[in-house]
Amino acid sequence: MCAKSLKEVVDYCQELFDDITFQSARKWKDAEPGRKVIGYMPVYVPREIIHAAGFLPLGILGGGADMEVIHGDAYYQSYICRIPRSTIELAVAGNIDFVDGMMFPSICDVIRNLSGIWQLMFKDKYVRYFDTPQNFKGEVGGEFYQRELHELKEGLEELAGRKITNEDINKSIAVYNENREWIEKVYAYRAKTPWKTASWEVYILMRAGMVLPPEEHTQLMQDYLAAVETEDRPKRDNCRVIIQGSFCEQPPLNLVKSIELSGCYIVDDDFMMVARWLQKDVPTDGDGIHNLSDAFLNYSAESAFKFENVMEEKGTHMFDAIKKRGAEGVIFAAPSFCDPALLDQPMMVNRLKEKNVPFITMQYAENSGQMQPIREQSGTFADSIKLWSAA
Amino acid sequence: MSEKLEINKSKSQILQKEMITSNYDKITSGECKVSSTFVPGNLNELVMCFDMANNLPEINAIQNGMRKKSGGMIMEAERQGHSEDVCTYVKADVGQMAKGNIAPNGKPFPNPDLLLLSYTGCFTFLKWFELLREDYKCPTVMLHVPYDANGNPTKSMRDYIVKQLKEDVIPTMEKVSGVKFDIDRLREYMRNSAKAEDNMVWMLEQSKRTPSPIDCYFGGVYYMGPIFTAFRGTQDAIDYYDFLRTEIQERIDLGLGVSTPEGDMGEEKYRLVVEGPPNWTSFREFWKMFYDEGAVVVASSYSKVGGVYDYDGFRHDPENPLESLADYCLGVYTNRNLPTRVDMLAQNVKDYNADGLLINSIKSCNSFAAGQLMMMRQIEEITGKPGAFIETDLVDPRYFSAANVKNRLESYFQMIDQKRRGGGSATVAA
Ligand code: SF4
Ligand code: SF4
């Protein structure tokens, strides 16, 4: 079988990214009778359990930059972020009518209340608000979380009409371990040779992981890395930044492109944390649910939507990323009206100031159109970083 | 006669004010340790077990809002880098610290000895106390109350909360206060709580009468003060609600309607159920827009924000103290899912014979605001009564547009008139 060209891989990712009717997931579902699709919103759900049920976990990350919101504005006031209204739009317009259930993670009150809207509007669908503990002791938060995971498993079993065995879960854990391993390889490769991997390419490659079965996504990343290796792209005099605050409502692709074009290599980000939150492999033997719970309690990245019990630990994930990827600055890019990102930001900013790490802040909506101010802001930021490092 | 009643009315208000002031005096006295926590999920009985004073930052923000000080504090927080888009209670608190941290009694707030992060019904709480911890650097203990997403809190949720109380919250409070936990003391306080709660529910239900003797939103704010703050579980609270009951009964016996800051309201023309917190920076002006038109709020979700006692009959239970604290937290209004909120308010519209539901949507409060448009449509459908939607903010004066609010209210009252005359209805909304 001949290797895929970079263009083929990137075009395929772009096609998946542009398709807000989710044709690939529809095809997957239609390929065999009895298949089911479970949608989930940011930031984190244990996709391993959905996969273990034989279902496709489908990331619903809003309607994107181009979708016209006609109905959604009747559900949300102007001072609420855009992702819930475009998600409602996707549902009302029939774009996700093939989805058999939706999961709403405990990330903020908007997604929390959206689970209630779903209960009121789509009474025949499986709706699960998914709570992760804010207490990280095994015998306290861990026990609660394991019960939550069991409840989730039982709900999915009912939908599947069959039991989900521990072996099923362990197999799925292995699939996602491999997926995370390749994501890390892509991120590491980008950090090492950022001129070879355009950040917008990496972005849509990761987005593909929201709609494809994990096995296919892993293959796609392998194809991408093999293809990009053969490319000869010019090295630019860009600075290296990480993006923070974009973990839920996604920035328009043009924003990612604009940041890069203005002179910043993005060497890490928090765009799709569901695929990267667990920082280590989950064991593939023993009690799968227990292991998933343990991984969450002990190895999930410190983040804005999680209580940090030890004040001094706040910001560790961000600083780890800065160090690991050799970043020179941080761009806080948060959705407008996003409580978790915007309330967390001042604490992170203070820590960066203490350590003299340059940063800028910006806000966006998934459909922000004007990129000129973004380009100017990040361009000036890139110049100032270069000046500092030259000084 | 009305003079006497004004004095009677004033008596409960004066008493309430004295109680709130006495708590500020206690907090600022330097004589006891101070724990800060939130109104929803307020574990006042537990705080008292450790001889600590209970400081509630939301109440401080409200006080600053009513005294027209919050605007400057919010600007100060924004100058420090806090976003325009987030909860203005948090910014008022941060700004208050920056401006010398002065309590409403004019004395400086001491740094809290403990931040009791009862994470109940609002995500902002979690960030709020992380932010305060940055400055106070004091012990901060999390009590995670799972969201009641299915309208039916589970044993698993309750067990999780009880375990956190036993393993984390109580040991931390013992350590900070130096006082050993005594469960019998907790039981005693909870017995007191239940007594006051009985009278409070009686009070809430009196607005089923026509005319209603009380306003359950603007007036309700005063009536809820003691039980939602540092007095639930005290003899003072029992006495206050006994007193309030007598006062209300007196109005009923005399056939009087609502008492307002300008005296008796006069004819009751409209009966409303209100969802969402009030605006505090123009509280009087806002209320006046209602009573000038003869509108009384007969029920409100805001009067349930510190605990729901009427809908499913919850009372603090001294026989199962920790489990009961868990049930209390699980049941606060903002911890309930949207279908339950809809059911609660629709029931209120019917049971209190209201003309409809008015939503005061708060710009910076996602916990209440996200989903309110959907709730309004659902409640209109269930009750057949028209709804209306206004938008203000809690303590940021920049977002209170008196002319807009007044216009919308007037249109709404006209719509109700039209509906009564048998005409059609349309929602008044943004
Ligand atoms: S963008 Fe922020 S506020 Fe909006 S739903 Fe996502 S996490 Fe919540
Ligand atoms: S967001 Fe709303 S519920 Fe939460 S603290 Fe602010 S005002 Fe209170």
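### Focus on the overall build of chain A
Thought 1: Helices and strands together make up the secondary structure of chain A, namely 14 helices and 8 strands.
Thought 2: Against the compact-globule benchmark of 21 Å for 391 residues, chain A has a radius of gyration of 20 Å, which places it among compact chains.
Thought 3: Seen along its three principal axes, the alpha-carbon backbone of chain A occupies a region of about 65 × 50 × 50 Å.
Thought 4: Within chain A, buried positions represent 65% of all 391 residues.
Thought 5: Contacts in chain A between residues at least 24 apart in sequence constitute 75% of all its contacts with a sequence separation of at least 6.

### Looking at the site of ligand 1
Residues and elements named next belong to chain A.
Thought 1: Near ligand 1 lie 13 residues; those nearest to it are Cys81, Cys108, Ile111, Cys248 and Cys338.
Thought 2: Residue assignment for the shell around ligand 1 shows that the elements contributing at least two residues are helix 5 (109–121) and helix 13 (339–354).
Thought 3: Tallied by class, the residues present in the shell around ligand 1 amount to 11 nonpolar, no polar and 2 charged.

### Observations concerning the site of ligand 2
Residues and elements named next belong to chain B.
Thought 1: The environment of ligand 2 is formed by Cys87, Tyr89, Cys122, Thr124, Phe125, Trp128, Cys365, Ser367 and Leu394.
Thought 2: A total of 3 residues in the shell around ligand 2 trace back to one element, the largest contributor, which is helix 6 (residues 124–136).
Thought 3: Residue composition of the shell around ligand 2, by class: 7 nonpolar, 2 polar and no charged.

### Quick look at the packing of helix 12 (residues 316–325) of chain A against helix 13 of chain A
A pair of packed helices is captured by two measures, namely the crossing angle of their axes and the spacing between those axes.
Residue and element names in this part refer to chain A.
Thought 1: Contact geometry of helix 12 with helix 13 gives a least axis separation of 11 Å together with a crossing angle of 45°. The orientation of helix 12 relative to helix 13 falls into the category oblique. Crossing of helix 12 against helix 13: the hand is right-handed. Contacts between helix 12 and helix 13 involve Met318, Phe319 and Ile322 from the first element and Met348, Arg351 and Leu352 from the second.

### Structural notes on the side chain of Arg133 of chain B
Thought 1: Along the polypeptide, Arg133 of chain B turns up in helix 6.
Thought 2: Salt bridges are absent for the buried Arg133 of chain B, whose nearest opposite-charge side chain, Glu130 of chain B, sits at 4.3 Å.

### Description of the sheet that holds strand 1 (residues 37–40) of chain A
In sheet architecture, strand pairing relies on hydrogen bonds along the backbone and comes in two forms, parallel and antiparallel.
Residue and element names in this part refer to chain A.
Thought 1: Taken together, the 4 strands give an open sheet; going across it, the order is 2-1-3-4, and neighbouring strands pair in parallel fashion. Taken across any chain shown, the strands that pair with only one partner, and hence form the sheet edges, are strand 2 (56–59) and strand 4 (126–130). Ignoring strand direction, the axes of neighbouring strands in this sheet form an average angle of 25°.
Thought 2: Against the sheet, helix 6 (residues 138–160) touches strand 1, strand 3 (101–105) and strand 4, its axis set at about 170° to strand 4.

### Overview of the packing of aromatic side chains
Thought 1: Here the structure, examined in full by the defined rule, presents 39 aromatic pairs over all chains.
Thought 2: Both rings, one in Phe247 of chain A and one in Phe305 of chain A, keep their centres 4.9 Å apart while their planes meet at 65°; by these two values the pair is edge-to-face. Residue Phe247 of chain A is located in the loop between strand 5 (239–244) and helix 10 (253–261), and its partner Phe305 of chain A is located in the loop between helix 11 (288–299) and helix 12; the two are separated by 58 residues in the primary sequence. The burial state of Phe247 of chain A is the same as that of Phe305 of chain A; both residues are buried.
Thought 3: One aromatic cluster is present, built from ring pairs that chain together Tyr217, Phe218, Tyr222, Trp280, Phe283, Phe286, Trp287, Phe290, Tyr291, Tyr302 and Phe400 of chain B.
Thought 4: The cationic tip of Lys306 of chain A hangs over the ring face of Phe136 of chain A; the distance from NZ or CZ to the ring centre is 5.2 Å.
Thought 5: Above the ring of Tyr399 of chain B, the side-chain terminus of Lys363 of chain B is found at 4.3 Å from the ring centroid.

### Points about the nonpolar core
Thought 1: Formed by 277 residues in total, the largest nonpolar core has its most connected members in Trp118, Leu156 and Ile331 of chain A together with Leu46, Tyr89, Leu165 and Phe290 of chain B.
Thought 2: Listed in part, the 15 residues of the second largest apolar core include Ile242, Met318, Ile322 and Val330 of chain A.

### Details of the interface of chain B and chain A
Thought 1: Facing the 56 residues of chain B at the interface are 54 residues of chain A.
Thought 2: Between chain B and chain A, roughly 4,700 Å² of surface is buried when both sides are summed, and carbon and sulfur atoms account for 57% of that area.
Thought 3: At the surface where chain B touches chain A, the tally comes to 5 salt bridges.
Thought 4: Here Glu130 of chain B makes a salt bridge to Lys314 of chain A, at a shortest N to O gap of 3.1 Å.
Thought 5: If you look at where chain B meets chain A, you find 33 residue pairs in polar contact (both at pLDDT 80 or more).

### With respect to the confidence of the model for chain B
Residue and element names in this part refer to chain B.
Thought 1: Residues at a pLDDT of 70 or more form 96% of chain B, whose mean pLDDT is 95.
Thought 2: Across residues 1–8, where pLDDT falls below 50, the model places 13 contacts with residues more than four positions away in sequence or in other chains.
Thought 3: Among the scores for the predicted complex, ipTM is 0.97 and pTM is 0.96.

### Comments concerning the pairing of strand 1 of chain A
Residues and elements named next belong to chain A.
Thought 1: Neither face of strand 1 is left uncovered, since the one carrying Val37 and Gly39 and the one carrying Ile38 and Tyr40 both have all their residues buried.
Thought 2: Inspection of the sheet shows strand 1 paired to strand 2 by 4 bridges, in the parallel sense. For Gly39, the partnering residue across the bridge sits in strand 2 and is Leu58.
Thought 3: For the segment spanning strand 1, helix 3 (residues 47–52) and strand 2, crossover handedness is right-handed.

### Things to note about the environment of Ile74 of chain B
Thought 1: By secondary structure assignment, the location of Ile74 of chain B is in helix 4 (residues 70–79).
Thought 2: Remark: the alpha-carbon pair of Ile74 of chain B and Lys175 of chain B, spanning 101 residues in sequence, is separated by 34 Å.

### Section: the state of the cysteines
Note on terminology: a disulfide is the covalent bond linking the sulfur atoms of two cysteines.
Residue and element names in this part refer to chain B.
Thought 1: Tallied over the full model, the rule gives 0 disulfides over all chains.
Thought 2: Unpaired in terms of disulfides, Cys138 finds its nearest cysteine sulfur in Cys32, a separation of 15 Å.
Thought 3: Residue class for Cys138 comes out buried when judged on its relative accessible area of 9%.

### Some words on the environment of Pro213 of chain A
All names here are of chain A.
Thought 1: Along the chain, Pro213 turns up in the loop between helix 8 (199–211) and helix 9 (214–229).
Thought 2: Spatially, the C-alpha atoms of Pro213 and Ser86 are 24 Å apart, while their sequence positions differ by 127 residues.
Thought 3: Once you skip the residues sitting within four places of it in the chain, Pro213 turns out to touch Trp28 and Leu56.

### So, unusual backbone geometry
Residue and element names in this part refer to chain A.
Thought 1: Looking along the chain, the bond that leaves Pro42 and enters Val43 is cis, with omega of 10°.
Thought 2: For Val43, the location among the structural elements is in the loop between strand 1 and helix 3.
Thought 3: Positioned with a positive phi, Phe22 is a non-glycine residue whose angle comes to about 55°.
Thought 4: Looking at the secondary structure, you find Phe22 in the loop between helix 1 (6–18) and helix 2 (23–31).
Thought 5: Located in the positive-phi region is Phe337, a residue other than glycine, with phi close to 65°.
Thought 6: Here Phe337 shows up in the loop between strand 7 (329–335) and helix 13.

Reading the values: rules and limits
Residues numbered from 1 in each chain as written. Chains lettered and ligands numbered in written order. Predicted model: local features only at pLDDT ≥ 70, side-chain atom pairs only at ≥ 80, totals over all residues. Heavy atoms only, no water. Helix = DSSP H or I, 4+ residues; strand = E, 2+ residues; numbered from the N terminus. Rg over C-alpha atoms; globule rule 2.2 N^0.38 Å. Buried < 20%, exposed > 50% of the residue type's maximum accessible area, 1.4 Å probe, protein only. Contact = heavy atoms within 4.5 Å. Near = heavy atom within 4 Å. Nonpolar A, V, L, I, M, F, W, Y, C, P; charged D, E, K, R; others polar. Axes fitted to C-alpha atoms, helices over the stretch in contact; angles between N-to-C directions. Parallel < 35°, antiparallel > 145°, perpendicular 65-115°, else oblique. Left-handed = near helix turned anticlockwise from the far one by under 90°. Lys, Arg positive; Asp, Glu negative; His and termini not counted. Salt bridge = Lys/Arg side-chain N within 4 Å of Asp/Glu carboxyl O. Pairing = 2+ DSSP bridges. Phe/Tyr/Trp six-rings, centres within 6.5 Å; stacked < 30°, edge-to-face > 60°. Lys NZ or Arg CZ within 6 Å of the ring centre and 35° of its normal. Core = buried A, V, L, I, M, F, W, Y, C linked by side-chain atoms within 4.5 Å. Buried area = accessible area lost by both parts, 1.4 Å probe. Polar contact = N/O pair within 3.5 Å; in protein donor to acceptor, adjacent residues only side chain to side chain. pLDDT = per-residue confidence, 0-100. Right-handed = clockwise from strand over helix to strand, strands pointing away. Disulfide = S-S within 2.5 Å.

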